[in-house]
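What the coordinates show
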Amino acid sequence: MTSIDLNADLGEGFGRWRLTDDERLLSVVTSANVACGFHAGDAVTMRQVCELAAERGVRIGAQVSYRDLAGFGRRAMEVPPAELAAEVAYQIGALEVFARAAGARVSYVKPHGALYNRVVRDEEQAAAVVEGVLLVDASLPVLGLPGSRLLELAGKAGLPTVTEAFADRAYTDEGTLVPRGVDGAVVTDPDAVVERSVGLARSRAVVSHSGAVVGVEARSLCLHGDTPGAVELARRVREELVAAGVRVEAFA
């Protein structure tokens, strides 16, 4: 039977500000990408999400980012490789404290936003992320875009690699994500998101921004938690995947 993991970005609040409905989303997804304080999140939020995830058997992942709270980690930044490696390790370590306190552990690492897109092609920044993961745990899986420099270098370093796809993001003909500033980069029609989810899981393919069919080999499917109606959409996606004969389970 075909299987796929469902991951979502969670813990993306700060102080009194809340963005994602963590508790309800954790009843749907199988893996949680938890913000580690650099693009969103704080100590209290990280602890709460880890406790909720552990209670539900959801895998906890460290969503590492450039240090950019004001820009939500989506602004391009120039960070020296040694500094980036240290900051990646710092974020993973902070989340690991709360994961262990909840009786779980950090099960994987996923970059966020601008860093995620940067390490698709930038070898230097990708190598820095890999170095940061290795500083913490040489067995931690890295979640990223198929064909990215990040996954290539992680694999060469001996780290497990996991490919992911996005049902609510437009793809280029090359299999990369269309930049958010481009019209149509985010797929907002719920029916289209559900249809694309099933297609990615069953056929390992998606229709690109230009209308071409692009192959996307992915073990995990990302459902953004900060979109309107995210919980209901996530439930629909999971229900339709199961109805289509897809087993929904964590990769880690």
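Everything in this summary refers to the structure shown in the same document. Computed from a predicted model, the values in this text were never measured in an experiment.

**A closer look at the pattern of salt bridges**
Considering all chains together, one arrives at 19 salt bridges under this definition. A salt bridge links Glu-152 to Arg-149, with the shortest nitrogen-to-oxygen separation between them at 2.3 Å. Note that Glu-152 and Arg-149 are positioned in helix H6 (residues 149-156) at a spacing of 3 residues, about one turn of the helix. Given the relative accessible area of 32%, Glu-152 is considered partly exposed. Arg-247 is the partner of Glu-249 in a salt bridge, and the nearest nitrogen-oxygen pair spans 3.2 Å. Overall, the relative accessible area of 35% leaves Arg-247 in the partly exposed class. The network of salt bridges with shared partners includes Glu-123, Arg-149, Glu-152 and Lys-156.

**Observations concerning a nonpolar patch on the surface**
On the surface, a cluster of nonpolar side chains totalling about 360 Å² of accessible area is made up of Phe-14, Trp-17, Leu-19 and Leu-69. Within the secondary structure, Phe-14 sits in the loop between strand E1 (3-10) and helix H1 (22-25). A relative accessible area of 41% means that Phe-14 is categorised as partly exposed.

**Things to note about empty space enclosed by the protein**
A full pass over the atoms with the stated rule returns 1 cavity of 30 Å³ or more. For the largest cavity, the calculated volume is near 70 Å³. If you trace the largest cavity, you find it lined by Asp-168, Val-193, Cys-222, Leu-223, His-224, Thr-227, Ala-230, Leu-233 and Ala-234. Ranked by the residues each element gives to the lining of the largest cavity, the list is headed by helix H8 (residues 230-243), at 3 residues. Of the residues that constitute the lining of the largest cavity, the class distribution is 6 nonpolar, 2 polar and 1 charged.

**Looking at the layout of surface pockets**
By volume, the largest pocket amounts to about 470 Å³. At the level of secondary structure, the elements contributing two or more residues to the lining of the largest pocket comprise strand E4 (106-111) and helix H4 (113-121). Among the elements that take part in the lining of the largest pocket, H4 stands out by supplying 7 residues, more than any other. Residue classes in the lining of the largest pocket are distributed as 12 nonpolar, 6 polar and 7 charged. If you add up the space inside the second largest pocket, you get close to 190 Å³. If you go around the second largest pocket, the residues you meet are Asp-168, Val-186, Val-187, Thr-188, Pro-190, Val-193, Thr-227, Pro-228, Gly-229, Glu-232, Leu-233 and Arg-236. The greatest single-element share of the lining of the second largest pocket, amounting to 3 residues, is contributed by H8. Classifying every residue of the lining of the second largest pocket gives 6 nonpolar, 3 polar and 3 charged.

**Description of the packing of helix H7 (residues 190-202) against H8**
Two quantities define a packed helix pair, namely the angle between the axes and the distance from one axis to the other. Put simply, H7 and H8 touch, their axes get as near as 9 Å, and they point 40 degrees apart. When the interaxial angle is binned, H7 and H8 end up oblique. The hand of the H7/H8 crossing is right-handed. Packed against H7, whose contacting residues are Pro-190, Asp-191, Val-193, Val-194, Ser-197, Val-198 and Ala-201, the element H8 presents Leu-233, Arg-236, Val-237, Glu-240 and Leu-241 at the interface. Class assignment of the residues belonging to the contact of H7 with H8 gives a composition of 8 nonpolar, 1 polar and 3 charged.

**Here we look at helix H5 (residues 123-136)**
For H5, spanning 14 residues, the distance from its first C-alpha to its last is 20 Å, which sits close to the expected 20 Å at 1.5 Å a residue. Along H5, the positions that sit buried rather than exposed are Gln-125, Ala-126, Ala-128, Val-129, Val-130, Gly-132 and Val-133. Next to the buried residues of H5 lie helix H3 (81-101), E4, H4, strand E5 (142-144) and H6. For H5, the side-chain oxygen to backbone nitrogen distance between the N-cap and Glu-124 is 3.0 Å, and the N-cap itself is Asp-122.

**A short note on the nonpolar core**
Counting residues in hydrophobic clusters, the biggest one holds 72 residues, and the most contacted among them are Leu-26, Ile-92, Leu-95, Leu-221 and Val-237. The leading source of residues in this core is H3, at 6 residues. Not counting residues within four places of it along the chain, the set of residues in contact with Ile-92 comprises Ala-62, Val-64, Val-106, Val-109, Gly-132, Val-133, Val-136 and Leu-140.

**Some words on the packing of aromatic side chains**
In this structure the tally under the stated criterion is 3 aromatic pairs. Ring centres of Tyr-116 and Phe-166 lie 5.6 Å apart, and the angle between their planes is 85 degrees; this geometry places the pair in the edge-to-face category. Here Tyr-116, found in helix H4, pairs with Phe-166, found in strand E6 (residues 161-166); they are 50 residues apart in sequence, far enough to count as distant. Like Tyr-116, the residue Phe-166 is buried in the burial classification.

Cut-offs applied
Within each chain, residue numbers correspond to sequence positions counted from 1 in written order. Local features in a predicted model are, by the rule used here, given only for residues with pLDDT of at least 70; side-chain atom pairs are given and counted only at 80 or more, and totals for whole chains, interfaces and linings are based on all residues. Excluded from the side-chain calculations are hydrogens and water; all other atoms, namely the structure's heavy atoms, are used. Here, a salt bridge means any side-chain nitrogen of Lys or Arg that lies within 4 Å of a carboxyl oxygen of Asp or Glu. For helices the rule is a DSSP run of H or I covering at least 4 residues; for strands it is a run of E covering at least 2, with both sets numbered from the N terminus onward. With a 1.4 Å probe rolled over the protein chains alone, any residue whose accessible area is under 20% of its type maximum counts as buried; one over 50% counts as exposed, and the rest are partly exposed. Only residues whose relative accessible area exceeds 30% and that take part in no salt bridge are eligible for patches, with like-charged residues grouped when within 9 Å of each other and nonpolar side chains (Val, Leu, Ile, Met, Phe, Trp, Tyr) grouped when within 5 Å. Each accessible area value is a Shrake-Rupley result obtained with a 1.4 Å probe; residue values ignore everything except the protein chains displayed when judging cover. A pocket, in this scheme, is an open set of points on a 1 Å grid over the protein atoms alone with protein on both sides within 12 Å along at least 5 of 7 lines, while a cavity is a set where a 1.4 Å probe fits but cannot get out; residues line either one if an atom lies within 4 Å of a point. Grid points are joined across faces, edges and corners, and a volume is the space filled by probe spheres set on the points. Amino acid classes used here: Ala, Val, Leu, Ile, Met, Phe, Trp, Tyr, Cys and Pro are nonpolar; Asp, Glu, Lys and Arg are charged; the rest, including Gly, are polar. Comment: axis = line fitted to C-alpha atoms, over the contacting stretch for helices; angle = value between 0 and 180 degrees taken between N-to-C directions. Angular relationships are summarised with four words: roughly parallel below 35 degrees, roughly antiparallel beyond 145, roughly perpendicular across 65 to 115, and oblique for the angles in between. For any pair of crossing helices, the crossing counts as left-handed if the nearer helix is rotated counterclockwise from the farther one by less than a right angle, and right-handed if it is rotated clockwise. By the convention used here, residues are in contact when the closest approach between their heavy atoms is within 4.5 Å. A helix is expected to span 1.5 Å for every residue after the first. For the purposes of these results, a polar contact is taken to be a pair of N or O atoms within 3.5 Å, where, inside protein, one atom must be able to donate a hydrogen and its partner to accept one; residues adjacent in sequence count only when each atom of the pair is a side-chain atom. To define a nonpolar core, start from buried Ala, Val, Leu, Ile, Met, Phe, Trp, Tyr and Cys residues and group those joined through side-chain atoms within 4.5 Å. Classification of ring pairs rests on two measures: the distance between centres of Phe, Tyr or Trp rings, Trp counted by its six-membered ring, which must be within 6.5 Å, and the angle between planes, read as stacked under 30 degrees, edge-to-face over 60 and tilted in between.

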